[in-house]
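# Descriptive analysis of the structure
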Amino acid sequence: MLYQLDDDIYPNSRGSYLQGAFPFPGPPWYLVVFLPLGLLFLGKAALSWALLNVGFLSLTVALTCRGLSARAVALITSIALLAAPVQGHLIVGQFSLIVGLGIALTLWASTHHRPSLVAVGLILTTLKPHIGVPFVVAFFLWSVRGAPTGVMRQAGLFVGFLVVLLLASLAIDPHSLSMYPGYLVTLNSLPVNKVCDTCSSIPTFATDIWSVASGDIWRVRFVMSSLLWAILIMPLVIVGLSAPLFISATVFAILLSAPYLRNYDYVLLIPPLLITAQSTVHISSPSTRRIIWGLLALAILIAGGLPYLTDRVGQGRYLCVAPLLGYVATIVLSVVVRPAHR
């Protein structure tokens, strides 16, 4: 089967053709998670997916805003639904809100000592591998520092669940695992992904301004991403922050250092922004609270409101400032809060 990319949507991809099945970039276990939707008619599947995403957002808010009333959770969810990345995510029908739910579930389960749910949360984050894999590695490194015995159980459950999902995906499609690397190579070779005009992170910004050769662009992005990951996250592991602050700072750092992050992927700012905001309430210093809330408010304005006023190319230039502000706010918060691993 032959597919041609729409030149009106992807003006940089003229003459780009895909031979065979469309190279969906999700890992093989997407087949298991989304099989029920695939059994529905197209219109019903689209509506169901939109409603599910609203549910994912609501659960994310509820899990990260512990102690708030149902009315407060509903209000925060309603405000979040108006944010530009969330609207873009729902319109395009993307898969990032379920990853945000995985982050929120990992936080809730780790603070409530529920290792099986920690494993489920971590697996949900891997539905976006370039986000989830760094998050899983960072989380396990943080866990080893504080509770080596507990992390072995969490890691065992994580691997066990993942193996079950892989076997199930192979039962649905025997070629799902073997064809996945080829899908990624094909998709990443397309001009629209190399240009990535709606992407915003430090590696994508750097390769744009440095005019890196097309054949080297992904190698450079992933090398930069790995270096930034180590620089921004390893100190957090060494210091030994509490679970909420570590997860929040780590997500901000991953968004900053991601090799590939579209504008609608900035829905992943919701969990860390809520985590840091809620943790700030308990600070005794009013001036420090104002600084942190000011940084968070600016991050929300940049990521949630400003995209309505700018084009997609402009968004690629400034969206990464939002996780940078969030990361700084969380580091400031961690300095004034006594570190506690649990």
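What counts and what doesn't
Residues numbered from 1 in each chain as written. Predicted model: local features only at pLDDT ≥ 70, side-chain atom pairs only at ≥ 80, totals over all residues. Heavy atoms only, no water. Axes fitted to C-alpha atoms, helices over the stretch in contact; angles between N-to-C directions. Helix = DSSP H or I, 4+ residues; strand = E, 2+ residues; numbered from the N terminus. Parallel < 35°, antiparallel > 145°, perpendicular 65-115°, else oblique. Left-handed = near helix turned anticlockwise from the far one by under 90°. Contact = heavy atoms within 4.5 Å. Nonpolar A, V, L, I, M, F, W, Y, C, P; charged D, E, K, R; others polar. Buried < 20%, exposed > 50% of the residue type's maximum accessible area, 1.4 Å probe, protein only. pLDDT = per-residue confidence, 0-100. Salt bridge = Lys/Arg side-chain N within 4 Å of Asp/Glu carboxyl O. Patch = residues over 30% accessible without salt bridge, like charges linked within 9 Å, V, L, I, M, F, W, Y side chains within 5 Å. Areas by Shrake-Rupley, 256 points an atom, 1.4 Å probe, with all protein chains shown as cover. Phe/Tyr/Trp six-rings, centres within 6.5 Å; stacked < 30°, edge-to-face > 60°. Lys NZ or Arg CZ within 6 Å of the ring centre and 35° of its normal. Core = buried A, V, L, I, M, F, W, Y, C linked by side-chain atoms within 4.5 Å.

Right, let's get into the packing of helix 14 (residues 270-280) against helix 15 (residues 286-305). Orientation of helix 14 relative to helix 15, taken along the N-to-C sense of each, is 160°, at an axis distance of 10 Å. One element, helix 14, and the other, helix 15, form an angle in the roughly antiparallel class. Relative to helix 15, the crossing made by helix 14 is left-handed. Contacts between helix 14 and helix 15 pair Leu273, Thr276, Ala277 and Thr280 from the former with Arg289, Ile292, Trp293, Leu296, Ala299 and Ile300 from the latter. The class makeup of the residues in the contact of helix 14 with helix 15 is 7 nonpolar, 2 polar and 1 charged.

The residue His113 is not glycine, and still its phi comes out positive at about 55°. Its relative accessible area of 60% is what places His113 among the exposed residues.

Per-residue confidence for the protein gives a mean pLDDT of 86; residues scoring 70 or more make up 90%. For the stretch residues 1-18, pLDDT sits under 50, and the model shows 29 contacts to residues farther than four places along the chain or on other chains.

One turn of an α-helix holds 3.6 residues; hence residues three or four places apart share an orientation. For helix 4 (residues 84-92), the full list of buried residues reads Ala84, Pro85, Val86 and His89. Lining the buried residues of helix 4 we find helix 2 (42-64), helix 3 (70-81), helix 5 (97-111), helix 14 and helix 15. Two residues or fewer after helix 4 comes Gly93, characterised by a positive phi angle close to 80°.

Here the focus is the pattern of salt bridges. Inspection of the entire model under this criterion finds 2 salt bridges. Put simply, Asp216 and Arg219 hold a salt bridge, and the shortest N to O gap is 2.8 Å.

Quick look at the environment of Gln87 now. In this fold, Gln87 is placed in helix 4. The partly exposed category is assigned to Gln87, whose relative accessible area is 29%. Put simply, Gln87 and Gly304 are 217 residues apart on the chain and 9.6 Å apart in space, counted from C-alpha to C-alpha. Excluding residues within four positions of it along the chain, Gln87 makes contact with Leu81, Leu82 and Tyr308.

On the surface, Val159, Val163, Leu167, Leu170 and Leu177 cluster together into a nonpolar patch covering about 410 Å² of accessible area. Residue position: Leu177 is located in the loop between helix 8 (148-172) and helix 9 (180-188).

Taken as a whole, this structure holds 12 aromatic pairs when the rule is applied. Plain terms: the ring middles of Trp218 and Phe222 are 6.2 Å apart, the flat faces sit at 40° to each other, and that makes the pair tilted. On the criterion of helical spacing, the pair formed by Trp218 and Phe222 is a turn pair, its members being 4 residues apart in helix 12 (residues 217-239). An aromatic cluster is built from Tyr30, Phe34, Trp49, Phe56 and Phe95, whose rings are joined through pairwise contacts. Just above the ring of Trp218 sits the side chain of Arg221; from NZ or CZ to the centre is 4.9 Å.

What follows is about the packing of helix 5 against helix 13 (residues 243-257). Put simply, helix 5 and helix 13 touch, their axes get as near as 10 Å, and they point 160° apart. Taken together, the axis directions place helix 5 and helix 13 in an arrangement best described as roughly antiparallel. Here the hand of the crossing between helix 5 and helix 13 comes out right-handed. Across the interface between the two elements, Ile103, Thr106, Leu107, Ser110 and Thr111 from helix 5 touch Ala243, Pro244, Ile247 and Val251 from helix 13. Of the residues that constitute the contact of helix 5 with helix 13, the class distribution is 6 nonpolar, 3 polar and no charged.

Let us look at the nonpolar core. In this structure, Leu122, Ile131, Phe158, Phe246, Ile247 and Leu269 are the most contacted members of the largest nonpolar core, which totals 83 residues. Top element by residues in this core is helix 13. It accounts for 11 residues. Contact partners of Leu269, with chain neighbours within four places excluded, come to Phe252, Leu255, Ala303, Ala322 and Pro323.

Attention now goes to helix 14. Here helix 14 lies mainly inside the structure; 9 of its 11 residues are buried. Taken together, the buried positions of helix 14 are Ile270, Pro271, Pro272, Leu273, Leu274, Ile275, Thr276, Ser279 and Thr280.

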